[in-house]
Amino acid sequence: MAKTALVTGGNRGIGQQVARVLATEGWDVLLGTRDKQKGDAAAARLRKDTGGRLKAIELDVTSDASCTTAAGKLRDGAIRIDALVNNAGVYGRSSSTAQTLETNFFGPLRVIDAMLPLLRDGATITNVTSGLGALANIDEPLHGVLADPLVTREQLVAAVRAYDGTDAYGASKAALNALTRILAPELAPRQIKINATDPGWVRTDMGGRGAPRSVEQGAASVLAGVHATWSGAVMRDGKRIAP
Ligand SMILES: NC(=O)c1ccc[n+]([C@@H]2O[C@H](COP(=O)([O-])OP(=O)(O)OC[C@H]3O[C@@H](n4cnc5c(N)ncnc54)[C@H](OP(=O)(O)O)[C@@H]3O)[C@@H](O)[C@H]2O)c1
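Residues numbered from 1 in each chain as written. Predicted model: local features only at pLDDT ≥ 70, side-chain atom pairs only at ≥ 80, totals over all residues. Heavy atoms only, no water.

Tallying secondary structure elements over the protein chain gives eight helices and eight strands in all. At 17 Å, the protein chain has a C-alpha radius of gyration in line with the 18 Å of a compact globule built from 243 residues. Principal axes of the C-alpha set define a box for the protein chain whose edges measure 50 × 45 × 35 Å. Out of the 243 residues belonging to the protein chain, those deemed buried represent 52%. Of the contacts made within the protein chain by residues no fewer than 6 positions apart, 71% connect residues no fewer than 24 positions apart. (Helix = DSSP H or I, 4+ residues; strand = E, 2+ residues; numbered from the N terminus. Rg over C-alpha atoms; globule rule 2.2 N^0.38 Å. Buried < 20%, exposed > 50% of the residue type's maximum accessible area, 1.4 Å probe, protein only. Contact = heavy atoms within 4.5 Å.)

The next point concerns unusual backbone geometry. Following Glu140, the chain continues into Pro141 via a peptide bond in cis, with omega recorded as 5°. Mapped onto the secondary structure, Pro141 falls in the loop between β5 (119–128) and α5 (142–147). With phi around 55°, Ala78 is a residue other than glycine that occupies positive phi space. Inspection of the secondary structure assignment puts Ala78 in the loop between α3 (64–76) and β4 (81–86). Positive phi, normally seen in glycine, also occurs at Gln191, with a value near 55°.

What follows is about the sheet that holds strand β2 (residues 28–33). Hydrogen bonding along the main chain pairs the strands of a sheet, whether they run parallel or antiparallel. With mixed pairing, eight strands are arranged side by side in an open sheet as β3-β2-β1-β4-β5-β6-β7-β8. Because the sheet does not close on itself, it has two edges, and the strands there are β3 (53–58) and β8 (239–240). Bridge analysis of strand β1 (residues 4–8) against β4 gives three bridges, and the strand direction is parallel. In the sheet register, Val7 faces β4, and the bridge partner there is Val85. (Pairing = 2+ DSSP bridges.)

A few words on the packing of α3 against helix α4 (residues 97–115). Where α3 contacts α4, the two axes come as close as 9 Å, and the packing angle between them is 30°. In terms of their interaxial angle, α3 and α4 are classed as roughly parallel. Regarding α3 and α4, the two cross each other, and that crossing is right-handed. Side by side, α3 and α4 meet where Asp64, Cys67, Ala70, Ala71 and Leu74 of the first sit next to Arg110, Val111, Ala114 and Met115 of the second. Residue composition of the contact of α3 with α4, by class: seven nonpolar, no polar and two charged. (Axes fitted to C-alpha atoms, helices over the stretch in contact; angles between N-to-C directions. Parallel < 35°, antiparallel > 145°, perpendicular 65-115°, else oblique. Left-handed = near helix turned anticlockwise from the far one by under 90°. Nonpolar A, V, L, I, M, F, W, Y, C, P; charged D, E, K, R; others polar.)

Quick look at the pattern of salt bridges now. Overall, the coordinates contain twelve salt bridges when judged by the stated rule. Asp28 is the partner of Arg53 in a salt bridge, and the nearest nitrogen-oxygen pair spans 2.3 Å. Of this pair, Arg53 sits in strand β3 while Asp28 sits in strand β2, and the two are 25 residues apart along the sequence. We note a salt bridge from Asp198 to Arg236, for which the minimum N-O separation is 2.7 Å. Here Asp198, found in strand β6 (residues 193–198), pairs with Arg236, found in strand β7 (residues 234–236); they are 38 residues apart in sequence, far enough to count as distant. Accessibility expressed as a relative area gives 32% for Arg236, which makes it partly exposed. (Salt bridge = Lys/Arg side-chain N within 4 Å of Asp/Glu carboxyl O.)

Close contact between α4 and helix α7 (residues 168–187) brings their axes to 8 Å; oriented N to C, the two are set at 15°. Here α4 is positioned roughly parallel relative to α7, judged by the angle of their axes. As α4 runs across α7, the sense of the crossing is right-handed. Across from Thr97, Thr100, Leu101, Asn104, Phe105, Pro108, Leu109 and Ile112 in α4, the residues of α7 making contact are Ala168, Tyr169, Ala171, Ser172, Lys173, Ala175, Leu176, Leu179 and Leu183. Of the residues that constitute the contact of α4 with α7, the class distribution is twelve nonpolar, four polar and one charged.

Shown next, in the form of structure tokens:
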């Protein structure tokens, strides 16, 4: 039986390429997109390119209602998920601090909470992070919370809610790395592996034309999370890096 992957932000950039590779490998792929039309167009494009099985599902990671509705539709369709890729993200001046934290940190958390009942035991969760989220770049007081090995999910959420610094993108990804570490032992009884993967600096709408890495290279780095046999790590190109 084919495995099923859900890739958020799957209509363009790194997410689209991750979806393309998985479909080529024979996975059933769900493109989670906030705009249904864009999702349907991307799914049709990728079906044509790969001959694979891809479908769009409306999923705005900043909306509780959207995540709950999407999970309900999948449950009603008896869909089980073998790989969840939390790829949707925003960066840059066009996004406010609140929107950046909401999309890049609370988004993956919201999607994990909604989809967890649909994940098969032994599934993988891949949180797409960034080198800009390295702990070394993060200022106090968030730094102290993220560096604390005993920090709880509730403490982490409270610290991100209270964030009022100037680097929301770095903070969102550093907090996502900490969340990955916190959730790993919680998910271990179901053999669900959760890791954060950094694609590097990639030529997408977000990364810009001057970025050194191709979308294929970035997606390959993310895909290491889909196939990971370990949990709780931050990785680039399949190798652990400092969180
Ligand atoms: N590119 C880089 O150099 C780089 C480096 C490190 C990490 N990353 C990370 O890699 C991931 C993908 O980046 P990318 O370069 O492929 O970016 P991108 O080309 O800008 O694509 C971003 C994707 O996220 C989706 N998205 C944004 N907000 C969303 C929401 N609320 N709900 C659902 N989908 C949403 C976008 O959908 P719409 O089309 O509807 O806007 C789009 O599909 C991000 O998490 C990013 O932070 C990228």
